[in-house]
Structure formats: C-alpha cells, structure tokens
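Topology and contacts: notes
So you can see what is in the structure, the chains are spelled out below.
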Amino acid sequence: MKALRPPVSLLAGVIAVALAAPSIADSGAKSGLPDADPIKWVDPMIGTGPEGHTFPGASAPFGMVQLSPDTDATCKVRDCYAHAAGYSYHDTTIQGFSHTHFSGAGHSDLGDFLVMPAVGAADAVKLDPGTADKPGSGYRQRFSHDTEVAEAGYYAVTLADSGVRAEMTAGTRVGVHRYTFAKGQDAHLVLDMRSSLYDYPGKVLWSGLHLHPDGTLTGFRETRGWAPGRKLFFAMRFSAPLKGHAFVDRDEAIAYKGFQGPGRGTATLDEKLGKLLEARLDFGTLDKALEVRVALSGVDEQGAIANLDAEGADFDTVRARTQASWRAELGRVQVEAPAPTRTNVYTALYHTLLAPSVWSDADGRYRGPDDQVHEGRSGGKDFTFRSTFSLWDTFRAEHPLLTLVQPEKTTSDVVNSLIASREHSPWGILPVWQFAGRETWTMIGYHAAPVIADAYLKGIGGFDANKALDAMVASADYAPYGGLGDYVKLGYVPIDREPEAASKTVEYAYDDWTIARMARAMGRADVAARFDRRAGFWRNSFDAKSGWLRARKADGSFRTPFDPTAINYGSDYTEGNAWQYSWFVPQDQAGLFRMLGGEAKVMQRLDAMFDFDNSKIDYSHAEDISGLIGQYIHGNEPSHHVAYLYAYAGAPWRTQERLKQIVDSQYKPTPDGLSGNDDLGQMSAWLVFTSLGFYPVTPGANQYVIGRPFVSHAAITLPDGKRFTVDAENLSDANPYVGRVELNGKPLARAWITDAEVRAGGTLRFVMQAKPDKAWGGGQGAARPYSSSTAKD
C-alpha cells in the first residue's frame, strides 16, 4: 500500500525476489532445537531492506511508542519511499532516535521527538543533522551493523563518531534510552522537534518545550503531514541532573495563533514556543550511563506525565517487563521447524503484533477524529482505544489472525475503537486509514466492515453489535465517498466520474456481503436483503466476453483502450491491474468461475497469471509493485488470496505447488526478506497462516482454505485457553504435496476447515508426500470452500 487516495468528491524495474528460501529438509520430525524462547527467533532486521519498510527498534506489543533509529529523516517526499519506517538497512549513518514509526507502511509520517547524543563542548554541539556524505557536518553519526543488536523490545548500536553506546527499550506508552558515554566526555543530548518522516517545509505547525522545576521536560507539536492536524505530547525525565540547556527556535519570525499546547498545568522553569524548535541538554561528565525516560500522549502534556508516572521505570525494568510480555504473546503460537523457517515465522508473528497500536492514555482518555478528547468507554465498560488501521491491507489476514492468537479483548477493543471513531467522525463513517486518531483517506473501500463482521460472526463480543452494524451501513451509504452514490444508483462505480473504479466496485461488493452476513445473523432481514443485492454488483464491472474485470463509464460502456497488464496510479485499478483484480470476488468465487467459463478455463487463467513473461513490461514507476511471479504480485495485497483459488476449482494440489513457489521466493530471514511493504502486518500474517497450512480467503465466511504447512509442528493457544495443533509428517523439500489430512484423527476430504473447528481445539494432521494427490479435496459440492452462490446457508 502506498498511494494517497483522497475521495475526489470529499477533497474537491520490476522487483522479483527469486532467491530460494531456506531448505525445510528433514523437518518431518520434531526439530528438537534446544532454545524454545520465542524472542530468540525474532529478528527485527527482517524487512528493513528496501521493500519491507519495517523498523528494527523497540516496541511493546501494540505499543504507542516505537523507539527506533532513523537513518534518514531529511529526505523529501518523493525520495522517502525507502525510508518509510525511518530506517533503511543500506544506510551508513543514524540521524537520531525517534519515538513513533509505522511497521511496513507504504506511506509514512511520524518520527516524532528525535533524540541524539553528542559529546564535547556545549558551544560546539551541532543542531542540524548534516548529511550522510559529509561526516561531522551535523549531529548525524556513522555506525556499523556489526555493533547492532535488535530483539523484540530492545535495540542497541554504537555510534562510531562519538563512541557512545545507545540502547533502546519501550513499554506500551513509554520509551527508555540508555546512553553510555566514555569516561571524561562532556555528555549532551540534542532534541530536534523539527524532524519528521516524509518531511517537507511547513510540516510542523507549532511546537513547545517546557522545563519544569523538578527537571521534567515536557513538550508538544502539531504537524500537517499524512494525517492533518496531528497532535502529540511528551514528558521526559533523566537519570542525571541537567547542568545546562538551550532551547532554540530556528525561525523566531514565525507567529502562530492556533493550537498553543494546552494541558501543561504547572509552572515551568523555562519555556519556548515556535515552529522550528530544538533543545540542547547538557549533563557534564557522567560516572554511569544516562537513562532518558519518555512517555507519549495524544491528549496533553499532563497526560504524558501521568503515563510516565504509571509506566516509567529504569531501563532494565522496562526491558524485562516488555520482553516478558513479548514471550507471552509470541508463545501463544509454538512452532517447530529448522532455524531459518522458525525465524521467518516468529518474526512474522512479531510484526503482526505491532498494530493496531494503543492510542489512549493510561487513564483511558484519547484524542479522536474530531480533535476532541474522549474516554474509552462503551456500554458502561472500559476499552483501550487503538489506532493505526491500514484496513485495505489488514482486513485480509492480519485481523483474522488476531482473533485466533490474541485474547478476545484485543479484537473487541479494535471493534470498539472503530465504532467510537465513527461516532467522533465529522463524516459519520468508519475509519478508512487512520492513525493517531486522524483520518488520512488513503486507499479504497470501507474495510472496517469485514473486520467487524468477521469478529461478530466468530462469536467475539464485548461491543454493541447494533451500533457496529449501524456504523457499517452508514459507511456503505455515504454517497460522497469514493463514488458510492453512483455505485448504489448504477450498480458499479463509473470510471469517468471516479478513479480506480473497477477496483472500487468489487471491493465495495465484498464489503457489502460482510454487512449482509452480519445483518442476517442478527435477524435484521431488511438490511441483509439490501446488501445481499449490492454484494452481487461485482458482476457489473466484469466483461463476460473477455473475462476481465474492467472499468465502465457512466453510459455503461467499458473504457478503452484496455490493457490487462497496465498499472498506473489513479487509473482503472488500485495498485494493480486486471490480472490481479479479476480474481477479487472472495464472497463468490464459484460465481466468478462460471462467468469465466468453468473450472478448466479458470485453471488455465491461474496458470497463465503465475507463468506470465514480464520481460517486456516496465513497472519501475509503480513503487508497490514488487515480488512478481508472472502477474502474481505478492508484494501487494490484491494477489494474496489468489494461490488458494485452485482449491475452489477442485485442484488443491496446484495451490500446494504455488504456495511453495511463493514462500521460497518471497520470504527470507534477512533484511531484504520481505518482497513488499509489510503493511502493518498483512504480509507477515499471510506467512503465519500459510505456514500453519490454512488461510482466511474470505473473512466473514468463518472458513479457512487448506493449503499446505511449512512447519513440522505448531500449537496455537486459543483465546479460551484451548489448543489447536498442526502436525506435518514427512515434511521436506522432497515432499511438497499433501497426501492425507486428518482432523482430530478422522480423514478430512474437504479443502477447508471452519473457524469453529479451530476454536474447539484439536489436531490438524498432514501427511506429506513427493507426488500430488489429485483426488484429495477435489470433490464437488461441500468439498469446495465457501461461495455465496453455492452455499446452503
């Protein structure tokens, strides 16, 4: 995901990763690896290369704070793609350590409150970052990967130009730095309030610094970036007393009469307000490491102080507490496999547990989409407000995975947060792509709907279902958004009135199907009937003659000229082309297959997609088009379900082949080990599910399509404490095919299992073999996964 997609009516090269994945040979037996600590199998460096956009720094599970190094926060908007998470593995300098980052987004913001240690005389401390090609030109410093340590909840590096050892850890709302200076060095910190990811002139609208008599430093800033009008506050305390300080406004001439940073509530020893603020903090010579404890708040500075009081502690205490939390969360899935595979899977699970991040303070208050402060309460019960919703990506596998590997409160908090966001929204609809409580209008669809429906249909409670359904309907009926008015009237989104119309039509239709499913389960037959009809609108953008999903104009004609391989942002499709989007009918693949001429032609089309020769096509203009296998694009989400579609056509063995092809080429335990943006956990969730042997092709159907496992053994501790186990006998590179499947000791002939079967606990057993079993899972009727046009419910 990358492109900003503001609804126009509201706001008037190919990279193919072909290196083979580590061998899974000899993994048919239990691996017997001696170290079962899941943290030891997490490598936060995976994905920090050019495509994954992950960060290596410290965060607690779902933490508000992501304390991580920024190797380049001075790039301008069009040059920042590789630095979307602040850090790029191929850089040689670190600009500083900031407190907020996205994990794997295709766009960026954040990078708040950058801190960098400095040494020497106070008047020689540089307040500009300088450039990487000129060492010593600013506070930026060189480093070597040989000195880095990255673990879940911990990061460390030695800054070569000063010799300072920098260590980072984080709790939910706090980050703790530890800087070890050489004996006799004068120690300083630079706090740059100007620095941001995806920087550009005027991004910081206003900021403030306040030094309190007790030595606490607080501050705030308001930024105009990806999310407009975003406000963030901090409170900072030091383990050594300040010997001196300087607050500097790099542009004293700027006056601003807007937001003034409310909520200080106490007198300050020193104060500075402005747009371009920096601080130099002086500590003299130190006889032990300097610890810096920082808490964030989206509410006010007093909220940040309260968060610091509630969660702040010394470095080792916070690290131990957070790593214990990571062991508990990662330990909900126990995996046995050879070391490279185990590292890939546990790191993927780690990445899925970084978002949606906590946004409310320790006292439950949060700043909502209306820029007002609210309390996290629903139906008389408290909930933790969460934000960072990359819903176009994460509805597919990230959120369904959380319903299995997290306590149910995690998902109920997510749903309550979505409902509350709608209640506070100036537009009265659910989030599209939200972070820090602010809407960005990025990407398409109203994919909060499948997240809510999937949770409700799985029996997860803790939220008001009627409020939830009302919010889903309001979002689906909001005519000014993304051509929805025309979609309801015409049965499709017309391309001459709205960009990316073909993609929007089919994505809206799927979202409508999830609304209908939830409404029917709640007994609201009128809503179910209306949205059942809309769920069939996908047919209106299919050209039955050619078999492609195509964009239609308002007069009903298909737009010409037409090239199914063309990818241009703002055209007929969203970050893709007809090859990928012509498969997006997850609610009714059987209906699509009939339109395409039957299963034999579907198989030919699927094979043609994977085997397509791209040698004469240049996709270098499309940043998110990576991880190509023919016209299958694993580096972006519209392709993620496609390999599983062979099972809908009665050929699960072909799914098994394609999954091996994808896993072998798209995931590695290295910094460049993700072929595309992780997108807040979606790329990683795909790998976790696929490694277990099943995948949620259609969230809301309460089914998982069976693929093939990539680990010899796995055990999921479910939300109610039951365990679901996956065993794969004879698993090796020489045995890539499923020969037999058993569920709780009984043969399973169908190519799917239900969510209820998983939640009941038990064992899914695979027996792997060298040659495909073309009969298994290939039966008609109930052997096939869910499609709305053939379902008996």
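Residues numbered from 1 in each chain as written. Predicted model: local features only at pLDDT ≥ 70, side-chain atom pairs only at ≥ 80, totals over all residues. Heavy atoms only, no water.

A separate point is the overall build of the protein. Of the regular secondary structure elements, the protein holds 18 helices and 40 strands. Along the three orthogonal principal directions, the C-alpha set of the protein runs to about 80 × 60 × 55 Å. Counting all 793 residues of the protein, 65% fall into the buried class. (Helix = DSSP H or I, 4+ residues; strand = E, 2+ residues; numbered from the N terminus. Buried < 20%, exposed > 50% of the residue type's maximum accessible area, 1.4 Å probe, protein only.)

On to the side chain of Ser195. If you trace the backbone, Ser195 turns up in the loop between β11 (187-192) and β12 (204-211). In this structure Ser195 comes out as buried when scored by relative accessible area, which is 5%. In contact with Ser195, other than residues within four places in its own chain, are Ala73, Gln95, Gly111, Leu114 and Arg221. (Contact = heavy atoms within 4.5 Å.)

Most of helix α17 (residues 682-692) sits inside the fold, with 11 of its 11 residues counted as buried. Residues of α17 that are buried include every one of Gln682, Met683, Ser684, Ala685, Trp686, Leu687, Val688, Phe689, Thr690, Ser691 and Leu692, and no others. The positive-phi residue at the C-terminal boundary of α17 is Gly693, with phi of around 105 degrees.

With that out of the way, let us pick up unusual backbone geometry. The omega angle of the peptide bond from Ala355 to Pro356 is 5 degrees, so this bond is cis rather than trans. Note on placement: Pro356 falls in the loop between α3 (339-352) and β20 (357-358). Backbone torsion omega between Thr560 and Pro561 reads -5 degrees, so that peptide bond is classified as cis. Assignment of secondary structure puts Pro561 in the loop between β30 (548-549) and α12 (578-581).

Of all six residues in strand β9 (residues 165-170), five are buried; the element is thus mostly enclosed. Relative to β9, strand β8 (residues 154-158) runs antiparallel, the two sharing five bridges. Bridge pairing in β9 links Thr158 to Arg165. One ladder, built from six bridges, connects β9 with strand β10 (residues 174-180); its direction is antiparallel. Considered in β10, the bridge of Ala166 is made with Tyr179. (Pairing = 2+ DSSP bridges.)

A few words on the pattern of salt bridges. Between side chains of opposite charge, pairing is possible as soon as their charged atoms come close. Throughout the structure, instances matching the rule amount to 54 salt bridges. Put simply, Arg194 and Asp192 hold a salt bridge, and the shortest N to O gap is 2.9 Å. Taken as a pair, Arg194 and Asp192 share a single burial class, namely buried. Between Asp363 and Arg365 there is a salt bridge, with its nearest N and O atoms 2.9 Å apart. Asp363 gets classed as partly exposed once you look at its relative accessible area, which sits at 47%. Several salt bridges converge on common partners, so that one network encompasses Asp109, Asp112, Lys203, Arg221 and Arg230. (Salt bridge = Lys/Arg side-chain N within 4 Å of Asp/Glu carboxyl O.)

With that settled, consider the packing of helix α7 (residues 448-457) against helix α10 (residues 501-521). Contact geometry for α7 and α10: axes closest at 9 Å, N-to-C directions at 30 degrees. Taken together, the axes of α7 and α10 are roughly parallel relative to one another. The element α7 and its partner α10 pack so that their crossing is left-handed. Residue-level inspection shows Ala449, Pro450, Ile452, Ala453, Tyr456 and Leu457 of α7 in contact with α10, the latter providing Tyr510, Asp511, Thr514, Ile515, Arg517, Met518 and Ala521. Residues belonging to the contact of α7 with α10 are distributed by class as follows: 10 nonpolar, one polar and two charged. (Axes fitted to C-alpha atoms, helices over the stretch in contact; angles between N-to-C directions. Parallel < 35°, antiparallel > 145°, perpendicular 65-115°, else oblique. Left-handed = near helix turned anticlockwise from the far one by under 90°. Nonpolar A, V, L, I, M, F, W, Y, C, P; charged D, E, K, R; others polar.)

Per the counting criterion, the structure on display carries 38 aromatic pairs. Taking 3.9 Å as the distance between ring centres and 5 degrees as the angle between the ring planes, the aromatic pair formed by Tyr366 and Phe385 counts as stacked. Here Tyr366 is found in strand β21 (residues 365-367), whereas its partner Phe385 is found in the loop between β24 (381-382) and β25 (386-387), with 19 residues between them in sequence. Judged by its relative accessible area of 0%, Phe385 falls in the buried class. (Phe/Tyr/Trp six-rings, centres within 6.5 Å; stacked < 30°, edge-to-face > 60°.)

Our focus in this paragraph is the packing of α3 against α17. At a minimum axis distance of 8 Å, the contact between α3 and α17 shows a crossing angle of 130 degrees. With respect to their mutual orientation, α3 and α17 come out oblique. Pair α3 / α17 crosses with left-handed handedness. From α3, Asn344, Val345, Ala348, Leu349, His351 and Thr352 reach across to α17, where they touch Ser684, Ala685, Leu687, Val688 and Ser691.

Another aspect to go through is the sheet that holds β10. On the basis of which strands lie adjacent, the open sheet formed by nine strands has the order β7-β8-β9-β10-β18-β14-β13-β12-β16 and antiparallel pairing. At either end of the open sheet lies a strand with only one pairing partner, and these are β7 (149-151) and β16 (270-274). Averaged over all neighbouring strand pairs, the angle between strand axes comes to 15 degrees, with direction disregarded. Docked against the sheet, helix α2 (residues 315-330) engages β7, β8, β9, β10 and β18 (290-297), running at close to 50 degrees with respect to β9.

Now for the environment of Ala170. Within the secondary structure, Ala170 is located in strand β9. With relative accessibility at 0%, the residue Ala170 sits in the buried group. In this structure, the C-alpha to C-alpha distance between Ala170 and Ala152, residues 18 residues apart in sequence, is 9.9 Å. Excluding its chain neighbours within four sequence positions, the residues that come into contact with Ala170 are Ala58, Ser59, Ala60, Val65, Gly153, Gly175, Val318 and Thr322.

For the rest of this paragraph, the subject is α2. With 16 residues, α2 should reach 22 Å at 1.5 Å per residue; the first-to-last C-alpha distance of 22 Å fits that figure. For α2, the full list of buried residues reads Phe315, Val318, Thr322, Gln323, Trp326, Glu329 and Leu330. On an axial view of α2, the arc spanned by its buried residues comes to 120 degrees, and they lie on one face. (Expected span 1.5 Å × (residues − 1). Arc of directions from axis to C-beta.)

To continue, consider the sheet that holds strand β36 (residues 723-729). Strand order in the open sheet made by the six strands is β19-β35-β36-β40-β37-β38, with mixed pairing throughout. A single partner strand is all that each edge strand has here, and the edge strands are β19 (333-336) and β38 (746-747). Pairing of β19 with strand β35 (residues 713-717), which is carried by four bridges, proceeds in the antiparallel orientation. From the neighbouring strand, Val335 faces β35, where its bridge partner is Ala714.

Turning next to the confidence of the model for the protein. Put simply, the protein has an average pLDDT of 92, and 92% of its residues get 70 or more. Scored below 50 in pLDDT, residues 2-34 makes 105 contacts in the model with residues more than four places away or belonging to other chains. Note on residues 253-266: pLDDT is under 50 here. Beyond four places in sequence and across chains, it has 29 contacts. (pLDDT = per-residue confidence, 0-100.)

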